[in-house]
Amino acid sequence: MDEATARMRGRSADQATQARSGFAAASSALAALRADGVSVAAAQVQEVVDEHYRWVCLFWTPSRDAYRGLADLYVDDDRFRQNIGQGDDALVDYLRDAMKAYADARLA
């Protein structure tokens, strides 16, 4: 928490904007891609997940295992599932699967 708080204090104006809107933008883009039937491994999905990862990194920089764990948390914790999916559990599952594909391909 202390590290996240320190990062928040040191943000640029662009980073502050990204912190406020980054998750919603990624979620909206992923919802459209899922509706179009795009695979979680597809380049356009992974580009959106990269934006999500960069958003997460504004607060904390997760390793591969930690990012995979965050993906599971989004699905397993009802508070996250409801907040992220707004009743669309398939979107939360899609995000989880896309995050895990991203972590496996790009993170150490």
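We now turn to the structure provided with this report. (Residues numbered from 1 in each chain as written. Predicted model: local features only at pLDDT ≥ 70, side-chain atom pairs only at ≥ 80, totals over all residues. Heavy atoms only, no water.)

1. Topic: the pattern of salt bridges
Evaluated as defined, the whole model comprises 10 salt bridges. A salt bridge links Asp 104 to Arg 68, with the nearest nitrogen and oxygen atoms 3.0 Å apart. Placement of Asp 104 in helix H6 (residues 89–106) and of Arg 68 in helix H4 (residues 64–76) is noted, with a sequence separation of 36 residues between them. Judged by relative accessible area, which is 45%, Asp 104 ranks as partly exposed. Salt bridges here are not isolated pairs; linked through shared partners, they connect Arg 81, Asp 89, Asp 93, Arg 96 and Asp 97. (Salt bridge = Lys/Arg side-chain N within 4 Å of Asp/Glu carboxyl O. Helix = DSSP H or I, 4+ residues; strand = E, 2+ residues; numbered from the N terminus. Buried < 20%, exposed > 50% of the residue type's maximum accessible area, 1.4 Å probe, protein only.)

2. Overview of unusual backbone geometry
At Gln 86, a residue that is not glycine, the phi angle is positive and equals roughly 50 degrees. Relative to the helices and strands, Gln 86 resides in the loop between helix H5 (78–85) and H6.

3. A few points about the environment of Arg 34
Along the chain, the position of Arg 34 falls in helix H2 (residues 13–35). Those residues within four positions of Arg 34 in sequence are excluded, and the remaining contacts are Asp 88, Ala 90, Leu 91 and Tyr 94. (Contact = heavy atoms within 4.5 Å.)

4. Points about the nonpolar core
Core analysis: the biggest nonpolar cluster contains 30 residues, and Leu 30, Val 45, Val 49, Tyr 67, Tyr 74 and Met 99 have the highest contact counts within it. Of all the secondary structure elements, the ones that give two or more residues to this core are H2, helix H3 (43–56), H4 and H6. When residues in this core are grouped by element, the largest group, eight residues, is from H6. Sequence-distant contacts of Leu 30, that is, excluding residues within four places in its chain, are made with Val 45, Val 48, Val 49, Leu 91, Tyr 94 and Leu 95. (Core = buried A, V, L, I, M, F, W, Y, C linked by side-chain atoms within 4.5 Å.)

Keep in mind that these numbers describe shape and distance, not what the molecule does.
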